[in-house]
Amino acid sequence: MKDFNLSRHYNTTHKDKYDKYNGAARVAIVADLRGKIHHQQSFFTKVTTIQESSLKASYAVSLELAKAKKPYSDGKIVKRLTRRIFDIQNHVEVKLKEVMHDCKYFSLALDESMDVTDVSQLLIYARAIDSSFEVHEELLKLVALHDTTKGRDIFNAVQSVVSEYGGFDKLSAVVTDGAPSMQGKHTGFAGLLQQSGVDCPILHCIIHQEALCAKSMNFSHVMDLVSKVTNLIRGGNRSLNHKTFVAFLDEVSAVYGDLQMHTEVRSQTVSDLYAHVNAFQSKLTLFKEDFSSDRPNLAHFLQIEKLQQQFKDRFQDFYTMKPRIVLFTDPLSAAVSAQPPELQLQLCELQSDPFFQAKHQERGISFWRLLPESRFPLLRDFALSTAGIFGSTCICESNFSTMKHIKSKERNRLTDETLFHLMQIGCTNIDIDI
């Protein structure tokens, strides 16, 4: 408003009322008038602020319930939770598509299991790696297979999901649970994937194969004793035994404070797990040589030979990847002649560089991250494709436990879509903006 108009309005309307005030009194009157106009303006903005805070709180509650795998009835804003969960999952999906779009390579981990209502659920997990060697492991989809679970059904489900995230062009490997419907060369998922023109390693989970190798040996007398001791400590109505056992471990300053029921393998790469398998095979060879000494203990000699043969038969797919794994694990010592021709010149240059020789203590991703892309583009590309490979399907097994916690006997009427939304929110590592 122009100064002239303000002056005319004051002189004609308010001059007689306010001209009599001077000095501090006039300052107080002006402050009072400003406070009144501010109160009138804030009346409308306050309502808007309260609404925004309520909306933000409802999303925060929805996120916490989904993260904790709790039913909707645990919250106070029951009627709005379904819509909030859908919005949060949609936000996660948008960010996940950005991750998959920006990644250089990704691998898949596939596993299938029954839920509490006997519906077969297929978990499709992705391990994506970008050009800066940042790794993201995220749930792409939980697919309910209501009819059959043949190789064709699994392939169609995976193809449909991956197509939403850009297709198979960046796929570096697939790790499965090793079921015939997964690994079948003709009608299984592996065979159908190769027939569709996708050329990448399709691996049987290392941990599954180790378990199958162990089954070839008759160690029931050992496992019976282990099961008996475990049940004595952690079985039903054994709380006193458990507390006594924990107190004993604390008294002797044991490394672990309780009975270890699971192993930590989720964060290990394919090269880490291959190293463990290779080390175990070396130990088997050492045992065999000891049994061949002048006074051998032959009690388990035949068992060791049988176990060695099992390892040779079952880990063929990983043996074919041995040069690749060796190069990724220790590029400074890898034999140049054993590597693909397109990598040999850059590998020679890398092994001759004193700067990288001084970094020989770095291993895996931490070493490859040091290589400048302008100088070693092919080696970095090789490292990205290898680092993006899942080591096992352990992440799927872990999330099946989450699935059974969410869809329990008391909560078995969840729809397939709602179950997937809760699973994706509960398992994601993506930062969610509320």
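Residues numbered from 1 in each chain as written. Predicted model: local features only at pLDDT ≥ 70, side-chain atom pairs only at ≥ 80, totals over all residues. Heavy atoms only, no water.

Going by the annotation in an unreviewed UniProt entry, the name recorded for the protein is HAT C-terminal dimerisation domain-containing protein, with Labrus bergylta given as the source organism.

Colleague: Would you mind going over the sheet that holds strand β5 (residues 202-204) in detail, with residue names and values included?
Modeller: The strand order β3-β2-β1-β4-β5 describes an open sheet built from five strands, whose pairing is mixed. The outermost strands of the open sheet, each flanked by one partner alone, are β3 (135-145) and β5. For this sheet, the mean angle separating the axes of adjacent strands, direction not counted, is 20°. Pairing between strand β2 (residues 120-129) and β3: ten bridges, direction antiparallel. Residue pairing across strands places Ile129 opposite Val135, the latter belonging to β3. (Pairing = 2+ DSSP bridges. Helix = DSSP H or I, 4+ residues; strand = E, 2+ residues; numbered from the N terminus. Axes fitted to C-alpha atoms, helices over the stretch in contact; angles between N-to-C directions.)

Colleague: Break down the pairing of strand β1 (residues 105-114) for me, with residues and values.
Modeller: Of all ten residues in β1, eight are buried, a share of seventy percent or more. Sheet analysis places β1 next to β2, joined by ten bridges and oriented antiparallel. Looking at the pairing, Phe106 lines up with Ala128 of β2. Counted between consecutive antiparallel strands, the loop separating β1 from β2 contains five residues, among which Asp118 sits at a positive phi close to 65°. Direction of pairing for β1 relative to strand β4 (residues 171-176): parallel, over a ladder of four bridges. Paired with Leu108 across the two strands is Val174, which belongs to β4. (Buried < 20%, exposed > 50% of the residue type's maximum accessible area, 1.4 Å probe, protein only.)

Colleague: Explain the layout of surface pockets to me, and be specific about the residues and the numbers.
Modeller: Taken as a whole, the second largest pocket spans an internal volume of roughly 280 Å³. Around the second largest pocket, the lining is made up of 16 residues, and of these Arg324, Glu342, Leu343, Phe382 and Ser385 lie nearest the centre. Those elements that place two or more of their residues in the lining of the second largest pocket are β4, α13 (322-329), α14 (341-352) and α17 (377-387). The element best represented in the lining of the second largest pocket is α17, accounting for four residues. Its residues placed into classes, the lining of the second largest pocket shows nine nonpolar, three polar and four charged. (1 Å grid on protein atoms, 1.4 Å probe; cavity = no way out; pocket = protein on both sides within 12 Å on 5 of 7 lines; lining within 4 Å. Points joined across faces, edges and corners; volume = space filled by probe spheres on them. Nonpolar A, V, L, I, M, F, W, Y, C, P; charged D, E, K, R; others polar.)

Colleague: Describe in detail the pattern of salt bridges, supporting the description with residues and values.
Modeller: Pairs can form between side chains of opposite charge once their charged atoms are near each other. With the rule as written, the count across this model stands at six salt bridges. We note a salt bridge from Asp353 to Arg375, for which the minimum N-O separation is 2.7 Å. Placement of Asp353 in the loop between α14 and α15 (354-357) and of Arg375 in the loop between α16 (365-368) and α17 is noted, with a sequence separation of 22 residues between them. For Arg375, a relative accessible area of 33% corresponds to the partly exposed category. (Salt bridge = Lys/Arg side-chain N within 4 Å of Asp/Glu carboxyl O.)

Colleague: How would you explain the packing of aromatic side chains if you had to name every residue and give the values?
Modeller: On inspection of all chains with the given rule, the structure shows seven aromatic pairs. A ring pair is formed by Phe356 and Phe376, whose centres lie 5.7 Å apart and whose planes are at 80°; its orientation type is edge-to-face. Highlighted residues: Phe356 in helix α15 and Phe376 in the loop between α16 and α17, separated in sequence by 20 residues. By the ring-pair criterion, three or more aromatic residues cluster together here, those being Phe328, Phe355, Phe356, Phe367, Trp368, Phe376 and Phe382. (Phe/Tyr/Trp six-rings, centres within 6.5 Å; stacked < 30°, edge-to-face > 60°.)

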